[in-house]
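Report on the structure
Chain by chain, the residues:
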Amino acid sequence: MRRNSIIIGLLQGLAVLSVLVVCGMGMAILQDTFMPAWMPVAFGVVGAAVLLPAMLSRWASFVPSAPKWMLGVMHMIAFAGLFFFAVLASNYYFANTDTAESAKATVVDKHREEHTRYRRLGRNRYVPAGTYHTWHLVLELDDGRRYKQSVSLTAYNRSRVGSVRHLPLQRGLFGFTVVKDIPHSDE
């Protein structure tokens, strides 16, 4: 009995960690996709709601001590995150390479962001140890869409507001444009 509870606890912790990782990966992909943020969230919530009646009994065996309403909330959070990632990842990774183009984008803003650097003082103790900067350009395409791009200090210094940069674009699986490197042929 003790061994089973340890295994179930480890599986529950692994499930929570995997939901956090999948949602974080979805947010990272969303930064490179020209898609309204509510769309993948809506797909995730609808997909999780459709699967809720079929999966509720499985959640009851996975977390036997939780009430049914809590099982429903856990299911909605976990599966909405999973569907959120699935929609964004399939649009991004299955983009049509035949639609690859280099669009001209105008630099409309450039700024630097200051972050705090931390150093390790001891076990589980970190203290501020100065700052570092990241440099960003806000690019606007001809149709008005904006994209925030992190660049090196050299590229930041060479860019001027109003200058033109090339942004590699591809049409995603679901038709939403993604910013993705254009594959170069070896010819």
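1. Thoughts on the pairing of strand S1 (residues 96-122)
As paired strands, S1 and strand S4 (residues 164-171) are joined by seven bridges and run antiparallel to one another. Within S4, the position partnered with Lys-104 by the bridge is His-166. Relative to strand S2 (residues 125-140), S1 runs antiparallel, the two being bridged by 14 bridges. Bridging from a neighbouring strand, Gly-122 pairs with Arg-125 of S2. Counting the residues that bridge the hairpin from S1 to S2 gives two residues, and of these Asn-124 lies at a positive phi of roughly 60°.

2. Digging into the sheet that holds S4
Spatial strand order, S3-S2-S1-S4-S5: five strands in an open sheet with antiparallel pairing. Looking along the sheet, the strands with just one partner apiece sit at the ends: strand S3 (146-151) and strand S5 (177-179). In this sheet, neighbouring strand axes are inclined to one another by 50° on average, regardless of whether the strands run parallel or antiparallel. Two strands pair when backbone bridges link them, and S2 and S3 are joined in this way by six bridges, in the antiparallel orientation. Within S3, the residue paired with Leu-139 across the bridge is Tyr-147.

3. As for a nonpolar patch on the surface
Residues Ile-7, Leu-11, Leu-14, Leu-17, Val-21 and Met-25 make up a contiguous nonpolar surface patch of roughly 530 Å² in combined accessible area. Residue position: Leu-14 is located in helix H1 (residues 2-31).

4. As for the pairing of S4
The sheet contact formed by S4 and S5 spans three bridges and is antiparallel. Its bridge partner lying in S5, Leu-169 is registered against Val-179.

5. Quick look at the packing of aromatic side chains
The way to describe two aromatic rings as a pair is by their centre distance and the angle between their planes. On inspection of all chains with the given rule, the structure shows three aromatic pairs. The interplanar angle of 45° and the centroid separation of 6.5 Å between the aromatic rings of Phe-79 and Phe-83 together place this pair among those described as tilted. In this pair, Phe-79 and Phe-83 are both assigned in helix H3 (residues 68-93), four residues apart and thus about one turn of the helix distant. A relative accessible area of 17% places Phe-79 in the buried class. Judged by its relative accessible area of 26%, Phe-83 falls in the partly exposed class. A cation over an aromatic ring shows up here: Lys-110 above the ring of Tyr-156, its NZ or CZ 4.4 Å from the ring centre. Its guanidinium or amino end placed over the ring of Tyr-92, Lys-180 lies 4.9 Å from that ring's centre, counting from NZ or CZ.

6. Quick notes on helix H2 (residues 38-62)
The terminal C-alpha atoms of H2 lie 30 Å apart, and with 25 residues this falls more than 12% below the ideal 36 Å at 1.5 Å per residue. Within H2, the axis deviates most sharply at Pro-53, by approximately 65°. All of the buried residues in H2 are Met-39, Pro-40, Gly-44, Gly-47, Ala-48 and Trp-59. Residues of H2 that are buried make contact with H1 and H3.

7. Considering the confidence of the model for the chain
Here the chain averages 89 in pLDDT, while 96% of its residues score no lower than 70. Looking over the chain, one finds the lowest element-wise mean pLDDT in H1, namely 87, and the highest in S2, namely 94.

8. A word on unusual backbone geometry
When glycine is set aside, most residues are seen to have a negative phi, and most peptide bonds are trans. In the Ramachandran plot, Asn-124 falls in the positive-phi region, its phi being about 60° despite a non-glycine side chain. Its location among the elements puts Asn-124 in the loop between S1 and S2.

9. Here's the deal with the environment of Tyr-118
As for its position among the elements, Tyr-118 is in strand S1. When the C-alpha atoms of Tyr-118 and Gly-130 are compared, they prove to be 7.2 Å apart, with twelve residues separating the residues in sequence. Once residues lying within four places of it in the same chain are set aside, the contact partners of Tyr-118 are Tyr-126, Val-127, Pro-128 and Ala-129.

How each quantity is defined
Residues numbered from 1 in each chain as written. Predicted model: local features only at pLDDT ≥ 70, side-chain atom pairs only at ≥ 80, totals over all residues. Heavy atoms only, no water. Pairing = 2+ DSSP bridges. Helix = DSSP H or I, 4+ residues; strand = E, 2+ residues; numbered from the N terminus. Axes fitted to C-alpha atoms, helices over the stretch in contact; angles between N-to-C directions. Patch = residues over 30% accessible without salt bridge, like charges linked within 9 Å, V, L, I, M, F, W, Y side chains within 5 Å. Areas by Shrake-Rupley, 256 points an atom, 1.4 Å probe, with all protein chains shown as cover. Salt bridge = Lys/Arg side-chain N within 4 Å of Asp/Glu carboxyl O. Phe/Tyr/Trp six-rings, centres within 6.5 Å; stacked < 30°, edge-to-face > 60°. Buried < 20%, exposed > 50% of the residue type's maximum accessible area, 1.4 Å probe, protein only. Lys NZ or Arg CZ within 6 Å of the ring centre and 35° of its normal. Expected span 1.5 Å × (residues − 1). Bend = angle between axes of the 7 residues up to and from the residue. Contact = heavy atoms within 4.5 Å. pLDDT = per-residue confidence, 0-100.

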